[in-house]
Structure formats: C-alpha cells, structure tokens
Amino acid sequence: MRTPARPPLDGLKKRLDQSRAERARMPRDGFLRETFVLPRSDARLKAKEWFERFPKQAYWTEIESWFERPGDLIEFTIRRLPAAD
C-alpha cells in the first residue's frame, strides 16, 4: 500500500508570510494603537471617549502623537494596553 501524497502547502505558506509581515510592522511593546484624522471638535470628543472608556490609570492610555493638518483637522494616535491588569 502506498503512502498518500502530501497536500500542497502553498496557501499555508502564503498566509504565514502575510502574518509575519503584519507583525513585523507593529511595535512589540504590548500597546494597541489607533490613529484618527478628525476635525478639532470631533478629535476632542474622541480623545475624551477613549480616556473615559480606557482610564489612564488602568490602561496607560495616552495621546502618543498629534499633528495639525490643513482645514482645522487633527491627526492623532492614541495608545493603550489591551487589558487593565
């Protein structure tokens, strides 16, 4: 009796390569980051929402960076820990 042929691993290899490339682009410091580009008033509300939902004392939430863009837009990145431990 013959041993069955191995299944093709092309799809698995492609998915592994994609996953590794995605992880290589992300910092390995344990923080979750999200970037927003909003009008100034909406940016304030979004930041306030994050700090209420993920308190700084528990999640180390902070505005990591922010920039003023033309048209009174604010681009900012908020980071936090994934869980409050």
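Residues numbered from 1 in each chain as written. Predicted model: local features only at pLDDT ≥ 70, side-chain atom pairs only at ≥ 80, totals over all residues. Heavy atoms only, no water.

## Notes on the nonpolar core
Next, step 1: The biggest cluster of nonpolar side chains holds nine residues, and these are Phe-36, Leu-38, Ala-43, Trp-50, Phe-54, Tyr-59, Ile-74, Phe-76 and Ile-78.
Next, step 2: Looking at this core, the elements that each hand over two or more residues are strand S1 (32-39), helix H2 (40-53) and strand S3 (73-80).
Next, step 3: Ranked by residues supplied to this core, first place goes to S3 with three residues. (Core = buried A, V, L, I, M, F, W, Y, C linked by side-chain atoms within 4.5 Å. Buried < 20%, exposed > 50% of the residue type's maximum accessible area, 1.4 Å probe, protein only. Helix = DSSP H or I, 4+ residues; strand = E, 2+ residues; numbered from the N terminus.)

## A closer look at the sheet that holds S1
Next, step 1: Spatial ordering of the open sheet is given by S1-S3-S2, a layout of three strands whose pairing is antiparallel. The two strands at the open ends of the sheet, each matched to only one other strand, are S1 and strand S2 (62-69). Ignoring which end each strand starts from, the neighbouring axes of this sheet average 15° apart.
Next, step 2: Examined bridge by bridge, S2 and S3 share seven bridges and lie antiparallel to one another. Bridge pairing in S3 links Ile-63 to Ile-78.
Next, step 3: The strands that H2 touches are S1, S2 and S3; relative to S1, the one it contacts most, it runs at about 150°. (Pairing = 2+ DSSP bridges. Axes fitted to C-alpha atoms, helices over the stretch in contact; angles between N-to-C directions. Contact = heavy atoms within 4.5 Å.)

## Details of a nonpolar patch on the surface
Next, step 1: Judged by side-chain polarity, Leu-9, Leu-12 and Leu-16 come together as a nonpolar surface patch covering roughly 280 Å² of accessible area.
Next, step 2: Following the sequence through the fold, Leu-9 ends up in the segment before helix H1 (10-25). (Patch = residues over 30% accessible without salt bridge, like charges linked within 9 Å, V, L, I, M, F, W, Y side chains within 5 Å. Areas by Shrake-Rupley, 256 points an atom, 1.4 Å probe, with all protein chains shown as cover. Salt bridge = Lys/Arg side-chain N within 4 Å of Asp/Glu carboxyl O.)

## Looking at unusual backbone geometry
Next, step 1: The phi dihedral of Trp-60 falls on the positive side, at around 55°, and the residue is not glycine.
Next, step 2: Along the chain, Trp-60 falls in the loop between helix H3 (56-59) and S2.
Next, step 3: Residues other than glycine seldom take positive phi values, yet Asp-72 does so here, at roughly 60°.

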